[in-house]
Amino acid sequence: MPESLLVSTAVVPDSKADTPLIEITGATVCRGDNQVFDDFSLTLSQHESVAILGPNGAGKTTLLKLLMREIYPLWREHPVVRILGKERNDIWELRRQLGIISADLQEIYSPEVLGRQVVLSGFFSSVGIWGHQRLTQDQHEQVQTVLARLDIEDLADRPYGELSSGQQRRLLLGRALVNAPAHLILDEPTSGLDLAATFQYLQTMRQLIRSGHTLVLVTHHIHEIPPEVTRVVMLNQGRVWADGSKSEMLSESRLSTLYGVEVRLVESAGWYQALPV
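Residues numbered from 1 in each chain as written. Predicted model: local features only at pLDDT ≥ 70, side-chain atom pairs only at ≥ 80, totals over all residues. Heavy atoms only, no water.

Undergrad: Mind showing me how you'd approach the overall build of the protein here?
TA: Of the regular secondary structure elements, the protein holds 10 helices and 11 strands. In summary, the protein has a C-alpha radius of gyration of 19 Å against a globular reference of 19 Å for 277 residues, a match within 12%. Projected onto the principal axes, the alpha-carbon positions of the protein cover approximately 50 × 45 × 40 Å. When the 277 residues of the protein are sorted by exposure, 49% land in the buried category. In the protein, the proportion of contacts linking residues at least 24 apart, taken out of those at least 6 apart, comes to 63%. Put simply, the protein shows about 13,000 Å² of open surface, and 49% of that area lies on carbon and sulfur atoms. (Helix = DSSP H or I, 4+ residues; strand = E, 2+ residues; numbered from the N terminus. Rg over C-alpha atoms; globule rule 2.2 N^0.38 Å. Buried < 20%, exposed > 50% of the residue type's maximum accessible area, 1.4 Å probe, protein only. Contact = heavy atoms within 4.5 Å. Areas by Shrake-Rupley, 256 points an atom, 1.4 Å probe, with all protein chains shown as cover.)

Written out as C-alpha cells, the structure is:
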C-alpha cells in the first residue's frame, strides 16, 4: 500500500500541544481482591510514539482498561487519570483524538456482521450497527475512504466470521481511523497473525507514524516495535520498572531481567528480536 494513501488521515493535535496525551498520577487500582497498581504514575507526550512493554501479569491490560474507562482508580483528592489534560472527557471529542484498538474487541463482534459495518461502528463506539443509529452520507463516504486507504475494500461486504485474524484486525484499525484521531493505542496488534499479515500490519503502523499519528503500542513482543518508536516503558509487577529511549531500554541484560529468562538480542534496520541463548 503506498504511503501516500495514509498521509491524509493524519490529524494535527489541538492547540494545547504541550498537554500530555496521558497523565496518570498516583493511581491505585484493584481488580477484585488483587491490587494491581499502587501509587502508579506515567506520563506520555502527544509528540512521541511509545512502546509499553512487559511480561504477562505486568499490568498492561489494567493500564488499557484504565485508559478505556472500563475500570477506575481509587478516589484521590487530586485528579488521577487525565487524557489530553482532562479528567472527564467528552466522548465525542475523545473519539476524534484517541483511537483504542484492543485484543478484546476483536473477539466480541458477531460473525454475521459485515466488514463495512465493523468500520461504520467506529462512529458510535458500538459493536456493530444497530437500528436506532442513523448514518449520514458523509460517514458512509468516510468509511469508503478508510477502506481504500487500508486496501481492504474487498472486505466491505464479507461476514466478519469468515475473515482471517489479520483481516479482522485491519477492519478494527479502520474502525478507529474513521474518526481521524491524532493518537492511536494498539494492544498487541500482531498477536495471532501469520507472517505475511504481521508484516503488513507493521508496515501500516510505520506509515501511520510517518503521517503524523502518535502510536502507543502495548505489547510483550519486541518484534512489534517499529523503528519509528523512540521510547520504551517497561512494566513489571504493576509498576514502571524502566523508562527511556529505545536504544537504552532494549538491551540483552535489561530484557533478560525483565522477563526472567536469558535472551540474545538481534537488531536489524531498527527492528529488534529476542532469541533464546
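Next comes the rest of the write-up.
Undergrad: Please explain the sheet that holds strand β4 (residues 81-83) as it appears in this structure.
TA: An order of β2-β1-β4 is seen for the 3 strands of this open sheet, with the pairing classed as antiparallel. In this open sheet, the two strands that pair with only one neighbour each are β2 (34-44) and β4. Within the sheet, the average angular offset between the axes of one strand and its neighbour, ignoring direction, is 25°. As defined by bridge partners, strand β1 (residues 22-31) adjoins β4 across 3 bridges and the pair is classed as antiparallel. Within β4, the position partnered with Ile-24 by the bridge is Val-81. (Pairing = 2+ DSSP bridges. Axes fitted to C-alpha atoms, helices over the stretch in contact; angles between N-to-C directions.)

Undergrad: I'm lost on the pairing of strand β8 (residues 231-236) in this one. Help?
TA: Along a regular strand, successive side chains alternate from one face of the sheet to the other. Across the 6 residues of β8, 6 count as buried, placing the element largely inside the fold. Side chains of β8 alternate between two faces, with Arg-231, Val-233 and Leu-235 and Val-232, Met-234 and Asn-236 buried alike. Judged from the 4 bridges that link them, strand β3 (residues 50-53) and β8 form a sheet pairing that is parallel. Bridge pairing in β8 links Ala-51 to Val-232. Pairing between β8 and strand β9 (residues 239-245): 6 bridges, direction antiparallel. Bridging from a neighbouring strand, Met-234 pairs with Ala-242 of β9.

Undergrad: Even after reading the chapter, I still don't get the packing of aromatic side chains, so can you show me in this structure?
TA: How two aromatic rings sit relative to each other is given by the distance of their centres and the angle of their planes. This structure, assessed with the given rule, holds 2 aromatic pairs. Residues Phe-37 and Phe-40 carry aromatic rings whose centres are separated by 4.1 Å and whose planes lie at 15° to one another, so their mutual orientation is stacked. Residue Phe-40 is classed as buried on the basis of its relative accessible area of 2%. Geometrically, the ring pair formed by Tyr-109 and Tyr-160 is tilted, given 5.4 Å between the ring centres and 45° between the ring planes. Within this pair, whereas Tyr-109 is found in the loop between α4 (103-107) and α5 (115-120), its partner Tyr-160 is found in the loop between α6 (137-149) and α7 (165-177), the two being separated by 51 residues in sequence. (Phe/Tyr/Trp six-rings, centres within 6.5 Å; stacked < 30°, edge-to-face > 60°.)

Undergrad: What am I meant to see in the sheet that holds β9 here?
TA: An order of β5-β6-β7-β3-β8-β9 is seen for the 6 strands of this open sheet, with the pairing classed as mixed. Edge positions in the sheet fall to β5 (98-101) and β9, since each has one partner strand and no second. Strand-to-strand, the axes of this sheet are offset by a mean angle of 15°, without reference to chain direction. Pairing of strand β6 (residues 183-187) with strand β7 (residues 214-219) involves 5 bridges; the strand directions are parallel. Across the sheet, the residue bridging to Leu-184 is Leu-215, located in β7.

Undergrad: It is not clear to me how the nonpolar core should be interpreted in this structure. Could you clarify?
TA: Across soluble globular proteins, you tend to see nonpolar side chains buried next to one another. Judged by nonpolar contacts, the single largest core of 50 residues is most densely connected at Leu-171, Met-234 and Leu-250. Among the nonpolar cores identified, the runner-up in size contains 28 residues, and Phe-37, Val-80, Val-218 and Leu-235 belong to it. (Core = buried A, V, L, I, M, F, W, Y, C linked by side-chain atoms within 4.5 Å.)

Undergrad: Please explain the environment of Leu-217 as it appears in this structure.
TA: Residue placement: Leu-217 occurs in strand β7. Leu-217 sits 12 residues away from Met-205 along the chain, and the two C-alpha atoms are 9.8 Å apart. Sequence-distant contacts of Leu-217, defined by excluding residues within four places in its chain, comprise Val-50, Ala-51, Ile-52, Leu-186, Pro-189, Met-205, Glu-224, Ile-225 and Pro-226.

Undergrad: What should I look at first to understand the side chain of His-183 in this one?
TA: Summarising the element assignment, His-183 is placed in strand β6. At 3.5 Å, the side chain of His-183 and the side chain of Gln-46 are in polar contact. (Polar contact = N/O pair within 3.5 Å; in protein donor to acceptor, adjacent residues only side chain to side chain.)

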